[in-house]
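Take a look at the letters that make up each chain.
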Amino acid sequence: MSRPLLEVRDLTLRYETTQGGFNAVESVSFSLDRGQSLGLVGESGGGKTSLGLALMKLLPDNGRLTSGQIMLDGVDLFPLTDDQMRPYRWNRISMVFQAAMNSLNPVYRVGDQIAEAIEAHQRISHRQAMVMVADLFDLMGLERDFVNRYPHEYSGGMKQRAVIAMALACEPDLIIADEPTTALDVITQDRILRQLRTLQRQLNMAMIYVTHDIGVVAEVTDYLGVMYAGRLVELGKTSEVLSRPRHPYTAALISSFPSVTGERREPVALEGEPPDLTMESEGCRFAGRCAYSTEVCATIEPTLVDHLGHRYACWNPLDGVLEHLASHETERTIIESGEVPAR
Ligand SMILES: Nc1ncnc2c1ncn2[C@@H]1O[C@H](COP(=O)(O)OP(=O)(O)OP(=O)(O)O)[C@@H](O)[C@H]1O
Ligand SMILES: [Mg+2]
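Predicted model, so just to flag it, every value in this text is computed and none were measured.

Caption draft 1: Representation of the packing of helix α3 (residues 110-121) against helix α5 (residues 156-168). In the contact formed by α3 and α5, the axes pass within 9 Å of each other and the chain directions differ by 20 degrees. The angle between α3 and α5 places the two elements in the roughly parallel class. Where α3 crosses over α5, the handedness of that crossing is right-handed. Each of V110, I114 and A117 in α3 lies in contact with α5, whose residues at this interface are A162, A165 and M166.

Caption draft 2: Fine view of the sheet that holds strand β8 (residues 206-210). If you walk across this open sheet you meet the 8 strands as β6-β7-β8-β3-β9-β10-β12-β11, and the pairing is mixed. Of all strands in the sheet, those with a lone pairing partner are β6 (93-96) and β11 (305-307), marking the two edges. On average, each strand axis in the sheet is tilted by 20 degrees relative to the strand beside it, whichever way the strands run. Note that strand β3 (residues 37-41) and β8 share 4 bridges and pair parallel. Counted as the bridge partner of S37 is M207 from β8.

Caption draft 3: Structural context of the pairing of strand β1 (residues 6-17). As paired elements, β1 and strand β4 (residues 63-72) share 8 bridges and run antiparallel to each other. Paired with V8 across the strands is I70, a residue of β4. Across 9 bridges, the pairing between β1 and strand β2 (residues 20-32) is antiparallel. Across the sheet, T17 pairs through a bridge with G20, a residue of β2. Taken together, β1 and the strand that follows it, β2, pair antiparallel across an intervening segment of 2 residues.

Caption draft 4: Local environment of the site of ligand 1. In the neighbourhood of ligand 1, 16 residues make up the surrounding shell, with Y15, S44, K48, T49 and S50 lying closest. Mapped onto the shell around ligand 1, the elements with two or more residues apiece are β1 and α1 (48-56). For the shell around ligand 1, the class distribution of residues is 3 nonpolar, 12 polar and 1 charged.

Caption draft 5: Structural view of the sheet that holds β1. With antiparallel pairing, 4 strands are arranged side by side in an open sheet as β2-β1-β4-β5. In this open sheet, the two strands that pair with only one neighbour each are β2 and β5 (75-76). The strands that α1 touches are β1, β2 and β4; relative to β2, the one it contacts most, it runs at about 70 degrees.

Conventions we followed
- Residues numbered from 1 in each chain as written.
- Chains lettered and ligands numbered in written order.
- Predicted model: local features only at pLDDT ≥ 70, side-chain atom pairs only at ≥ 80, totals over all residues.
- Axes fitted to C-alpha atoms, helices over the stretch in contact; angles between N-to-C directions.
- Helix = DSSP H or I, 4+ residues; strand = E, 2+ residues; numbered from the N terminus.
- Parallel < 35°, antiparallel > 145°, perpendicular 65-115°, else oblique.
- Left-handed = near helix turned anticlockwise from the far one by under 90°.
- Contact = placed C-beta atoms within 7 Å.
- Pairing = 2+ DSSP bridges.
- Near = placed C-beta within 6 Å.
- Nonpolar A, V, L, I, M, F, W, Y, C, P; charged D, E, K, R; others polar.

Next comes the structure, spelled out in structure tokens:
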């Protein structure tokens, strides 16, 4: 068997703060092949962005990777220095940052900004870089004329396409897209997502797609990972996880999201708050909010177990989604059809 493009093993990222240190990402392991995409979902603060930054090794001053391996094509990035990371960052792994469309510099033409990013990572002239930018604009469905325009002349959707173009510029093997479309209207969001998905397959890139929106993951991802309080608590094929979530947190997330079938209904609030990670705790981090928790949950932390490629960390996994979500018509449709209908 060929080795996966990306193999993350036991990765832990720790932040030090004045309130104490905590692991925003703890013992996370997963792998991803070329041409595959992994969605990462979970509540705010779950560690999704931190995991993306950890893979790029772009950490804030108070963050450090304390354990793990980040194998990219057989090379472990974990021990590499900033200088040694240079050939990997943007060239091999790139990232569309959360709210990146707001980071375009208003006083420079968009084409020049992207060209500069390319020149910083490849030995080519500005003229050659501008030719690449024009090609990238074609690829992302942007008018070539807009290469010479300023950010304020772009709509939100166009800006987002431009920052995705920037992330694609060096033809990375892996692209991490952190909430790339949340600021956009649903129709624009849908168009960009489909395009990103098509490109990801055409270019045979791997993609990690971070979102709050469970509704879009079915459309753009092959695998789905659920993060809670820094842990990956469930991971499997997207259709499998959405139709048969085994972790009560995943089931709660799905049911708290407005219909993924297109029906409109009120989201069900997920009660309680994630734990304060600066406090020492034992047991499952979801136990305090979980309707299924038993004694063991409060004392021993569950580790991920693998059932035919569907992994979950739970002492009392759900058998099927029916029982848990019986009151939600939408989810019943999902179970019965065995798949999530397109939005
Ligand atoms: N530089 C930092 N120093 C200290 N804590 C941080 C830092 N960056 C993030 N955090 C904290 O780490 C935790 C994980 O944050 P992260 O941004 O990775 O979550 P997220 O899942 O991406 O959330 P969101 O869905 O809101 O984007 C949160 O509690 C956050 O407040
Ligand atoms: Mg985030």
